[in-house]
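Chains, contacts and geometry: an overview
Spelled out from the first residue to the last, the chains are:
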Amino acid sequence: MSAAAIPMERTALLVCDLQNDFLHAEGAYGRAGQTAPEILALPERVKPLADLLRSRGGWVISTNFTLVPGRGGEPMISPHLKALRPFLTKGDFQPGGWGHRTVDTLQPVDVEVEKIAYSAFYMSRLEWVLRKCGVERLLVCGIVTNGGVASTVRDAHVRDFDTILLEDGCAAFTPQVHDVSVAALRPVCRVATVAAMLEELSAP
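Keep in mind that this is a model prediction, so the values were computed, not measured. (Residues numbered from 1 in each chain as written. Predicted model: local features only at pLDDT ≥ 70, side-chain atom pairs only at ≥ 80, totals over all residues. Heavy atoms only, no water.)

Quick word on the nonpolar core
Quick reminder of the rule: Each nonpolar core is a collection of buried residues, namely Ala, Val, Leu, Ile, Met, Phe, Trp, Tyr and Cys, held together in the definition by side-chain atoms within 4.5 Å. Here's how the labels work: a residue is buried when its accessible area is under 20% of the maximum for its type, exposed when over 50%, partly exposed in between, all with a 1.4 Å probe on protein chains only. Counting from the N terminus, the helices are DSSP H or I runs at least four residues long and the strands are E runs at least two residues long. Only heavy atoms enter the contact rule, under which two residues are in contact if any of them lie within 4.5 Å.
Of all hydrophobic cores here, the largest spans 37 residues; its most connected members are L13, L49 and L139. Among the secondary structure elements, those contributing two or more residues to this core are strand 1 (11–16), helix 1 (20–23), helix 2 (28–31), helix 4 (42–55), strand 2 (59–65), strand 4 (137–143), strand 5 (162–171) and helix 9 (194–202). Top contributing element to this core by residue count: helix 4, with six residues. Residues contacting L13, with those up to four places away along its chain left out, are V46, L49, A50, L53, W59, V60, I61, L139, C141 and L166. Ranked by size, the runner-up nonpolar core spans 25 residues in total, among them L130, V149, A156 and L185.

Describing helix 7 (residues 145–158)
Selection criterion: Given a helix with a known number of residues, its expected span is that number minus one, times 1.5 Å.
With 14 residues, helix 7 extends 18 Å between its outermost C-alpha atoms, agreeing within 8% with the 20 Å of an ideal straight helix rising 1.5 Å per residue. Taken together, the buried positions of helix 7 are occupied by T145, G147, G148, V149, A150, T152, V153 and A156. At its buried positions, helix 7 is contacted by strand 1, strand 3 (111–115), strand 4, strand 5 and helix 8 (175–185).

Let's talk about helix 9
Quick note on the threshold: Here, the arc refers to the directions that run from the helix axis to the C-beta atoms.
Buried within helix 9 are the following residues: V194, M197 and L201. Along the axis of helix 9, the buried positions cluster into a sector of 65 degrees, meaning they face one direction only. For helix 9, the exposed residues set more than 90 degrees away from the buried face come down to A195 and E199. Residues of helix 9 that are buried sit in contact with helix 4, strand 4, strand 5 and strand 6 (190–192).

Quick notes on the UniProt feature "domain: Isochorismatase-like" (unreviewed entry) in the chain
Our working definition: UniProt positions are given in the numbering used here, feature names are shortened, and annotations may be inferred rather than shown by experiment.
Mapped onto this numbering, the UniProt entry gives "domain: Isochorismatase-like" (unreviewed entry) at residues 11–193. Between the first and last C-alpha atoms of residues 11–193 the distance is 16 Å; the span itself is 36% helix and 21% strand.

Overview of the sheet that holds strand 3
Consider a sheet: its strands pair through backbone hydrogen bonds, and that pairing is either parallel or antiparallel. Rules: Should DSSP find at least two bridges between two strands, the strands are regarded as paired. To obtain each axis, a line is fitted to C-alpha atoms, and for helices this fit is confined to the stretch in contact; angles are then taken between N-to-C directions over 0 to 180 degrees.
Spatial ordering of the open sheet is given by 3-2-1-4-5-6, a layout of six strands whose pairing is parallel. Both edges of this open sheet fall to strand 3 and strand 6, since each of them pairs with a single strand only. Ignoring which end each strand starts from, the neighbouring axes of this sheet average 25 degrees apart. Together, strand 1, strand 2, strand 3 and strand 4 form the strand contacts of helix 6 (residues 126–133), whose direction differs from that of strand 2 by roughly 170 degrees. Here helix 9 sits on the sheet and contacts strand 4, strand 5 and strand 6; the angle it forms with strand 5, its principal contact strand, is near 135 degrees.

A look at the packing of aromatic side chains
For clarity, the cut-off: Planes of paired rings set the category: under 30 degrees apart is stacked, over 60 is edge-to-face and the rest tilted, where pairs are Phe, Tyr or Trp rings (Trp by its six-membered ring) whose centres lie within 6.5 Å. A ring is considered to have a charge above it if a Lys NZ or an Arg CZ atom is located within 6 Å of its centre and within 35 degrees of its normal.
By the definition in use, this model includes seven aromatic pairs. Look at F22 and F93: their rings are 4.6 Å apart centre to centre, the planes differ by 55 degrees, and that puts the pair in the tilted class. Taken together, the positions of F22 in helix 1 and F93 in the loop between helix 5 (79–84) and strand 3 put the pair 71 residues apart, joining distant regions of the chain. Taking relative accessible area as the criterion, F93 reaches 0% and is therefore assigned buried. Summarising the aromatic geometry, the rings of Y29 and F93 are spaced 6.1 Å apart at their centres and angled 85 degrees between planes, so their arrangement reads as edge-to-face. Note that Y29 is positioned in helix 2 and F93 in the loop between helix 5 and strand 3, a separation of 64 residues in sequence. What links up through ring pairs into an aromatic cluster is the set F22, Y29, F65, F87 and F93. The ring of F173 is capped by R85, whose NZ or CZ atom sits 5.2 Å from the centre of that ring.

Re the pattern of salt bridges
For the record, the criterion: Salt bridges are defined by distance alone: a side-chain nitrogen of Lys or Arg within 4 Å of a carboxyl oxygen of Asp or Glu.
Taken as a whole, this structure holds 11 salt bridges when the rule is applied. Ionic pairing is found between D51 and R54, a salt bridge with its closest N-O pair at 2.8 Å. In this pair, D51 and R54 are both assigned in helix 4, three residues apart and thus about one turn of the helix distant. Of the residues examined, D51 reaches a relative accessible area of 32% and is grouped as partly exposed. Here the salt bridges do not stand alone but share partners, grouping E127, R131, D155 and R159 into one network.

Quick word on the environment of L13
The topology assignment puts L13 in strand 1. L13 gets classed as buried once you look at its relative accessible area, which sits at 0%. Considered as a pair, L13 and P43 are 30 residues apart in the sequence and their alpha carbons are 12 Å apart.

See the structure below:
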């Protein structure tokens, strides 16, 4: 089905985890030296698509990974994540904080949704927000392809959203992991490039 078959106002760019704490040099991952050039390139690559959607009545909705502050402000971190990312500390990915926010390149977003797990749908208000906004189609971008992106795409699919994975709009910590993850998602949803979607959505 052509992207034009669903009105622009019912289409959303779903931005997964493109936050300061992940991408900015002074964010949690940047300070720890945990990044990849493919990840850092994403905001500028998807910005034209975000701008097109804004100008044509579509939506830009971000899902923001969150470490919920507990007693004394200490973040609630699952044992799995603590073992994987031992550098995470108090104040990282804190709701309302600078690090928690979507990167400036993609601002302003229409709605930011807190998420606590790989899938942005898990125990969040994302589905409620999308239904309230009348969104039927999701153009999914962000990080990481094998984690939050893959889990969110699969959950969107089972909720009957028309889902398109932006192949060059997402990234993992290695190109190899990214490529394997995209291949695994091809039976689940349509896969397209940012340039192809720009052309398709710009057509009269």
